[in-house]
Amino acid sequence: MTDAAPLALYIHWPFCVAKCPYCDFNSHVRESIDQPAWRDALLRDLAYEADMLPGRMLGSIFFGGGTPSLMPPETIEALIDAAAGHWSFAPDIEITMEANPNSAEAARFAQAAQAGVNRLSLGLQALDDAALRFLGRAHDVREGLAALEAAQGCVDRVSLDLIYALPGQSAADWEAELTRALAFGTDHLSLYQLTIEPGTRFETDVRKGDFVPADPDHAAELFELTQAMTSAAGRPAYEVSNHAEPGQESRHNLAYWRYGDYAGVGPGAHGRRGGVATIRHRKPENWMSALARNAHGLSEERALEPAEQAGEALMMGLRLAEGVDLRALAARIGTPQAALVDTDAVAQLERHGLLRRDGDRLATTPAGMLLLDRILTEIVAC
Amino acid sequence: MTDLAHIRNFSIIAHIDHGKSTLADRLIQRTGGLSDREMTSQVLDNMDIEKERGITIKAQTVRLDYKARNGETYELNLMDTPGHVDFAYEVSRSLAACEGALLVVDAAQGVEAQTLANVYQSIEHDHEIVPVINKIDLPAAEPEKVRAEIEDVIGIDASEAVLASAKSGIGIDDILEAIVTKIPAPKGDRNAPLKAMLVDSWYDPYLGVVILVRVIDGVLKKGQQIRFMIGGTEHLIDRVGCMRPKIETLQELGPGEIGFITAQIKEITQTRVGDTITSVRGGASEPLPGFKEVQPVVFCGLFPVDAADFEKLRESISKLRLNDASFSFEMESSAALGFGFRCGFLGLLHLEIIQERLTREYDLDLITTAPSVVYRIQLRKSKTEDAKEIMLHNPADYPDPSRIEQIDEPWIKAVIYTPDEYLGSILKLCQDRRGIQTDLTYVGGRAQVTYELPLNEVVFDFYDRLKSISRGYASFDYEQTGLREGDLVKMSLLVNNEPVDALSMIVHRSVAEERGRHMCERLKDLIPRHLFKIPIQAAIGGKVIARETIAAMRKDVTAKCYGGDITRKKKLLEKQKKGKARMREYGSVQIPQEAFIAALRMGDES
């Protein structure tokens, strides 16, 4: 990894007001939070990572969670300022905050923007009250749309999230919902199919037979519909579930998918620094006590073998419409290009119309993108 | 030695879950066979498989000393018999060792199917049946209704049925008393030449082969020179004893008694179930009636999933064989599956048990090929070979069809008992399986139907189907009746245009198309969707007789994958790659090994 590529910084705020039934992220509900202690701890965790990654230019900061829009604006500001002290900022640095579209959080958008946040990613999730209730969301559609308007008034770049392929959702339902969402004029949309993740309440519900997840063939049709509609609206997919006007892609997330370096700070945050994987303690209390002990929240720091790095880079890179430059990847991790993928399997999948080669670039076809997980098991040499 | 008048030999007949094991445990506990501390539940079923499935594979006995209400002490021998048609012959020998049986019926559930077959078998052996209505303390218990049912359905007097709850210990003394007063004492002559029936045998790593015996006439003693009248070998008895259920050494076993002997026998194959043991000097001249040579009737290939496990499989099979003379094995190699063994079994359950024990006790991952029977094939003279006769155990060895003059297949006589409401479906099943009805009689609400059936139609899920269409009420017993000519062909299954040798089978031409269609449909459900569409075909020679297509998979992608997900998703990917290694590839199609087994178990449809 060359130092020329800008660094991405992820900061995790692990608290939520309540846990959503589909969410498998590292989120926790606590009655009270010692805000000064948390600000101080995050700053120290950040300082530790900055020491490990000196002299880099920062291309993006992402406040994720949990619910980072519940962070006190002073903490956000302090962290951004600290980052600016540790690294140089790219002139067009992207600073994103995830937010729930409810009135309490919307009231803080302006302060967040004041603190330096210039992009908001809004978890709208649905434009139907019944669907929002099913997803266990605290807001209703009216409140969500008000929050969206507030966000658009505070920052130039707003992304919204929707979850689709819900149980019982027809193609016509989704087409209507997406048509409406595209009309809000955000330059970026994250459109996720509902997947049932291990350890979530939805997993239990499905096992008990409370609801049946969408049939994969039907979900495939909805996915294809999504691709067609977003392309027609000038916001095509640049990643499996992410759509943007060209140039408005999430720079921060691109760093993950392009397998660039990123520093991960806060409970449960993952990072990659030049082939070293870092993982921080997941549970907030453990992370806090690790910080007190070690001046960092790390629970694991491990150098990845070239083969592992190759597997990770392909797993992430093939999610992108642009695919992976195999020659560049081979050079970067210092492994022969032939060792990156099972070339016979790639050739076979090309014949089946699921992968395409364009010079050194390997990418999925539109049909292949829907089958990426399976394709990876076939081609990744790891 | 106990005098005949104070011996009672009995077995327990019960449907699974009706409390046979619990009752046996209670009887042992009540008569002091084991201390409370030593009681693990279900003492008699030794093997894990027996405990789990609630079936008994090896016959076992336990001797109880019971002081009856008349003040005298009786020797009660409880015989736990194997419980499946595959072991019908072994069961018949165990029953022949007893004079009576406890019929245990659940007070809430009433008489169930399996029970009937066993009761009739017991009655055929002239047993005195003592009905016990168990679980009377359940809220749903209806002992009077069950009493009437026993009389109506089985046709025996249940007016004096014992009301009990083995679990709560209610009625245990009444049961013991009924055994003494109702079941007749055995008959026998101490002074006649020795005749003892070999009931069962097993291999013990410390004692060598242990033989379970029932003495008919004469006496068995340590130091005695004995002869197996059918097997022909002679041995010196070095131990005589009984199980309580712990081993207890005895001076001798007299007429009417059940116990065990050891005689430094290393090979279980020398001890044939049903053989007659006599003394070398002054021995009997005629063996006991009822001996049958046990022959494997169902064959299949067992292959290790991991080729490196072949030697381990060989060792494990050899060890199992030490304790089970009724299965056979020889090495086999398959183009797709590598090296393995062609094994012969008494039936499908026997096959499953062996397979499960290998998997569980010896930690082997196995692929099992389609079960098949033994065919006799007459081959015509060819340019290089004379006409000859071969016995075919394996469809893979099916000869060039142009050389086949005639194929003969084994037939059986099957006797089915069923409540008459299921008779129609059962007749249809037998008819579909090329059966020829030879007898049909009605007794009360029950029918007994006799069919001649080709064995290859029976190994193919017949028993499962019979149970399913009769809701478990029909019972089934069979004996082999010899070979008959049949219009038989080899059917191959092709997945993505490549033959899967493990799934090829020999079928009658008249059912080939239906069977082929069924197999294709089944495989369509069992083989997971791939990234491309997969044709599945059944063919006889070059002619395709059935076809299905597995549509290509359309969606398999993680919706959300960001920086924090990499490690987790990567682990998932590695796990999936490992899963892939456990599948077999045919024309780049990965077939999970469960599919091989499941494809052959046709389930409820058809």
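None of these values were measured; they are calculated from a predicted model.

Engineer: Can you break down the overall build of chain A residue by residue, with the values?
Structural biologist: When its secondary structure is counted, chain A shows 16 helices and 15 strands. Within chain A, contacts between residues separated by at least 24 positions form 70% of all contacts whose residues are at least 6 apart in sequence.

Engineer: Go over the interface of chain B and chain A, please, and point to the residues and values.
Structural biologist: On the chain A side, the residues contacting the 28 residues of chain B number 47 residues. Here chain B and chain A share an interface that buries about 3600 Å² over both sides, 57% of which is from carbon and sulfur atoms. Broken down residue by residue, the surface that chain B buries against chain A is led by Leu531(B), Arg554(B) and Tyr562(B), which jointly contribute 22%. Linking chain B with chain A are four salt bridges, by the criterion used here. In this structure, Glu224(A) engages Arg554(B) in a salt bridge whose closest nitrogen and oxygen atoms are separated by 2.9 Å. The interface formed by chain B and chain A contains 19 residue pairs in polar contact (both at pLDDT 80 or more). For the side of chain B that touches chain A, the residue count by class is nine nonpolar, eight polar and 11 charged.

Engineer: Tell me what's going on with the packing of aromatic side chains, and back it up with residues and numbers.
Structural biologist: Across all of its chains, the model carries 18 aromatic pairs over all chains by this definition. On the numbers, 5.1 Å between centres and 80° between planes, the contact of Phe134(A) with Phe211(A) is edge-to-face. Highlighted residues: Phe134(A) in helix 5 (residues 129–134) and Phe211(A) in the loop between helix 8 (201–208) and helix 9 (216–232), separated in sequence by 77 residues. Taking the relative accessible area as the measure of exposure, Phe134(A) reaches 26% and is therefore partly exposed. Phe211(A) sits in the buried class, given a relative accessible area of 10%. The structure contains a cluster of three or more aromatic residues connected by ring pairs, namely Phe310(B), Phe327(B), Phe329(B), Phe339(B), Phe341(B) and Phe345(B). The lysine or arginine in question, Arg484(B), covers the ring of Trp411(B), its NZ or CZ lying 4.3 Å from the ring centre. Directly above the ring of Tyr192(A) sits Lys560(B), whose terminal nitrogen or CZ lies 4.5 Å from the centroid.

Engineer: Mind laying out helix 5 (residues 143–154) of chain B, listing which residues take part and the relevant values?
Structural biologist: Residue and element names in this part refer to chain B. Compared with the 16 Å implied by 1.5 Å per residue over 12 residues, the 16 Å span of helix 5 between its first and last C-alpha is a close match. When helix 5 is considered as a whole, its buried residues turn out to be Pro 143, Val 146, Arg 147, Ile 150 and Ile 154. Down the axis of helix 5, the buried side of the element spans an arc of 105°, and every buried residue falls inside it. Residues of helix 5 that are exposed and angled more than 90 degrees away from the buried face: Glu 144, Lys 145 and Asp 152. Once helix 5 ends, the next one or two residues include Gly 155, with phi positive near 80°.

Engineer: Please set out the pattern of salt bridges residue by residue, giving values where relevant.
Structural biologist: Evaluation of the coordinates by the stated rule reveals 53 salt bridges over all chains. Where Arg280(A) meets Asp45(A), a salt bridge forms, and the shortest distance between an N and an O atom there is 2.7 Å. One end of the pair, Arg280(A), is in strand 11 (residues 276–280); the other, Asp45(A), is in helix 1 (residues 35–52), with 235 residues separating them in the sequence. As far as burial versus exposure is concerned, Arg280(A) and Asp45(A) are alike and both buried. The closest approach of N and O atoms between Glu457(B) and Arg515(B), which form a salt bridge, is 3.1 Å. In this pair, Glu457(B) is assigned in helix 10 (residues 455–459) and Arg515(B) in helix 12 (residues 509–526), connecting sequence segments 58 residues apart. Comparing Glu457(B) with Arg515(B), the two get one shared label, buried.

Engineer: An account of the pairing of strand 2 (residues 60–67) of chain B is requested, with residue identities and associated values reported.
Structural biologist: All names here are of chain B. Taking burial as the measure, the eight residues of strand 2 include six buried ones, the bulk of the element. Pairing of strand 2 with strand 3 (residues 73–80) involves eight bridges; the strand directions are antiparallel. Residue pairing for strand 3: Lys 67 is matched across the bridge by Thr 73. The antiparallel pairing of strand 2 with strand 3 creates a hairpin that spans five residues between the two strands, and Gly 71 there sits at a positive phi of about 90°.

Engineer: I'd like a description of the packing of helix 1 of chain A against helix 2 (residues 73–86) of chain A, backed by residues and values.
Structural biologist: Residue and element names in this part refer to chain A. The geometry of helix 1 relative to helix 2 is characterised by a closest axis approach of 10 Å and an angle of 20° between their N-to-C directions. Relative to helix 2, helix 1 is oriented roughly parallel. As for the relative orientation of helix 1 and helix 2, their crossing is right-handed in sense. The residues of helix 2 that touch helix 1, namely those facing Arg 39, Leu 42, Leu 43, Leu 46, Ala 47 and Ala 50, are Glu 74, Thr 75, Ala 78, Leu 79, Ala 82, Ala 83 and His 86. Tallied by class, the residues present in the contact of helix 1 with helix 2 amount to nine nonpolar, two polar and two charged.

Engineer: Describe the sheet that holds strand 11 (residues 234–236) of chain B, listing the residues and the values that go with them.
Structural biologist: Residue and element names in this part refer to chain B. Read from one edge to the other, the open sheet built from eight strands follows the order 11-10-16-7-8-15-12-13, with strand pairing classed as antiparallel. Sheet topology places strand 11 and strand 13 (247–249) at the edges, where each strand pairs with a single neighbour. Neighbour to neighbour, the strand axes of the sheet diverge by 40° on average, direction disregarded. Where strand 10 (residues 225–228) meets strand 11, three bridges bridge the pair, whose relative direction is antiparallel. Looking across to strand 11, one finds that Ile 226 is bridged to His 235.

Engineer: Just give me the short version of the environment of Arg44(A), but keep the residues and values in it.
Structural biologist: Residue and element names in this part refer to chain A. In this structure, Arg 44 sits in helix 1. Overall, the relative accessible area of 35% leaves Arg 44 in the partly exposed class. A sequence separation of 221 residues divides Arg 44 from Val 265, and the C-alpha atoms of the two residues are 9.4 Å apart. Among residues more than four places away in sequence, those in contact with Arg 44 are Leu 291, Ala 292 and Ala 295.

Engineer: Summarise the confidence of the model for chain B; cite the residues concerned and give the values.
Structural biologist: Residue and element names in this part refer to chain B. For chain B, mean pLDDT is 87; residues scoring 70 or higher make up 91% of the total. Overall, residues 602–606 carries pLDDT values under 50, and its contacts beyond four positions in sequence, including any with other chains, amount to 14 contacts. On the interface metric, ipTM, the complex scores 0.91, and its pTM is 0.64.

Engineer: Which residues make up the nonpolar core, and what values go with them?
Structural biologist: Grouped together as the largest cluster of nonpolar side chains are 134 residues, with contacts concentrated most on Leu9(A), Ile61(A), Phe63(A), Ile76(A), Trp87(A), Ile379(A) and Ile527(B). At six residues, the largest contribution of residues to this core is made by strand 1 (residues 7–13) of chain A. Counting residues domain by domain, this core receives three or more from each of domain 1 (7–257) and domain 2 (323–379) of chain A. Residues within four places of Trp87(A) in sequence aside, it is in contact with Leu7(A), Leu9(A), Leu46(A), Glu49(A), Ala50(A), Leu53(A), Arg56(A) and Leu58(A).

Engineer: Help me get a handle on helix 8 (residues 348–361) of chain B, residues and values and all.
Structural biologist: In an α-helix there are 3.6 residues to a turn, and that puts residues three or four apart on one side. Residue and element names in this part refer to chain B. Relative to the 20 Å expected for 14 residues at 1.5 Å per residue, helix 8 spans 19 Å between its end C-alpha atoms, a close match to the ideal helical length. Among the residues of helix 8, those classed as buried are Leu 349, His 350, Leu 351, Ile 353, Ile 354, Gln 355, Glu 356, Arg 357 and Leu 358. Positioned one or two residues after helix 8, Asp 363 has a phi angle of 55°, which is positive.

Engineer: With reference to specific residues and values, describe the state of the cysteines.
Structural biologist: Residue and element names in this part refer to chain B. This structure, assessed with the given rule, holds zero disulfides over all chains. Here Cys 300 is not cross-linked by a disulfide; its sulfur's nearest cysteine counterpart is in Cys 343, at 6.2 Å. You can call Cys 300 buried: its relative accessible area is 0%.

Engineer: Can you break down the side chain of Thr377(A) residue by residue, with the values?
Structural biologist: Relative to the assigned elements, Thr377(A) resides in helix 16 (residues 372–379). On the accessibility criterion, Thr377(A) (4% relative accessible area) is buried. Apart from residues lying up to four places away in sequence, Thr377(A) is in contact with Leu573(B), Gln576(B), Lys577(B) and Lys580(B).

Engineer: I'd like to hear about the side chain of Thr567(B), residue by residue, with values.
Structural biologist: Topologically, Thr567(B) is positioned in helix 13 (residues 566–581). A relative accessible area of 16% places Thr567(B) in the buried class. Look past the residues within four positions of Thr567(B) in its chain and what remains in contact with it is His270(A), Arg272(A) and Ile279(A).

Engineer: I'd love a proper account of the packing of helix 7 (residues 171–182) of chain A against helix 9 of chain A, names of residues and values included.
Structural biologist: Residues and elements named next belong to chain A. Axis separation between helix 7 and helix 9 bottoms out at 10 Å; the angle between their running directions is 30°. The angle between helix 7 and helix 9 falls in the class roughly parallel. Crossing of helix 7 against helix 9: the hand is right-handed. Across the interface between the two elements, Ala 171, Trp 174, Glu 175, Leu 178, Thr 179 and Leu 182 from helix 7 touch His 218, Leu 222, Leu 225, Thr 226, Met 229 and Thr 230 from helix 9. Of the residues contributing to the contact of helix 7 with helix 9, the split by class is seven nonpolar, four polar and one charged.

Cut-offs applied
- Within each chain, residue numbers correspond to sequence positions counted from 1 in written order.
- All chains are assigned letters beginning at A, and all ligands numbers beginning at 1, according to the order in which they are written.
- Given that the model is predicted, a residue must reach a pLDDT of at least 70 before its local features are reported, and side-chain atom pairs must reach 80 or more before they are shown or counted; all residues, however, enter totals for whole chains, interfaces and linings.
- In computing side-chain properties, one takes all heavy atoms of the structure into account and sets aside hydrogens as well as water.
- Numbering goes from the N terminus for both helices and strands, where a helix is a DSSP run of H or I of at least four residues and a strand is a run of E of at least two.
- Note on definitions: a residue-residue contact is assigned when non-hydrogen atoms from the two residues lie within 4.5 Å.
- Defined in terms of a 1.4 Å probe, buried area is the accessible area two parts forfeit on being brought together, summed over both.
- For salt bridges, the criterion is a side-chain nitrogen of Lys or Arg within 4 Å of an Asp or Glu carboxyl oxygen.
- Polar contacts, as counted here, are pairs of nitrogen or oxygen atoms within 3.5 Å of one another; within protein the pair requires one atom able to donate a hydrogen and one able to accept it, and residues that are adjacent in sequence qualify only if both atoms are side-chain atoms.
- Three residue categories are used. Nonpolar comprises Ala, Val, Leu, Ile, Met, Phe, Trp, Tyr, Cys and Pro, charged comprises Asp, Glu, Lys and Arg, and polar comprises the others, including Gly.
- Stacked, edge-to-face and tilted labels apply to pairs of Phe, Tyr and Trp rings (six-membered ring for Trp) whose centres lie within 6.5 Å, assigned for plane angles under 30 degrees, over 60, and everything in between, in that order.
- Throughout, exposure labels follow a simple rule: accessible area from a 1.4 Å probe, protein chains only, divided by the maximum for the residue type, with under 20% read as buried, over 50% as exposed, and the rest as partly exposed.
- Charges are assigned to positions over rings by a cutoff of 6 Å between ring centre and Lys NZ or Arg CZ, combined with an angular limit of 35 degrees from the ring normal.
- By definition here, a helix of n residues has an expected span of 1.5 Å times n minus one.
- When we speak of the arc, we mean the arc of directions from the helix axis to the C-beta atoms.
- Two strands make a pair as long as DSSP finds a minimum of two bridges between them.
- Helix axes use the C-alpha atoms of the stretch in contact, all axes being lines fitted to C-alpha atoms, and the angles between their N-to-C directions lie in the range 0 to 180 degrees.
- Comment on the angle field: the value is read as roughly parallel under 35 degrees, roughly antiparallel over 145, roughly perpendicular from 65 to 115, and oblique elsewhere.
- By definition, any crossing whose near helix is turned counterclockwise from its far helix by less than a right angle is left-handed, and any crossing with a clockwise turn is right-handed.
- Per-residue confidence from the predictor is given as pLDDT, running between 0 and 100.
- Put simply, buried Ala, Val, Leu, Ile, Met, Phe, Trp, Tyr and Cys residues joined by side-chain atoms within 4.5 Å make one nonpolar core.
- The split into domains, and so the bounds of each, comes from an automatic or database assignment of domains.
- Only a pair of cysteine sulfur atoms within 2.5 Å qualifies as a disulfide here.

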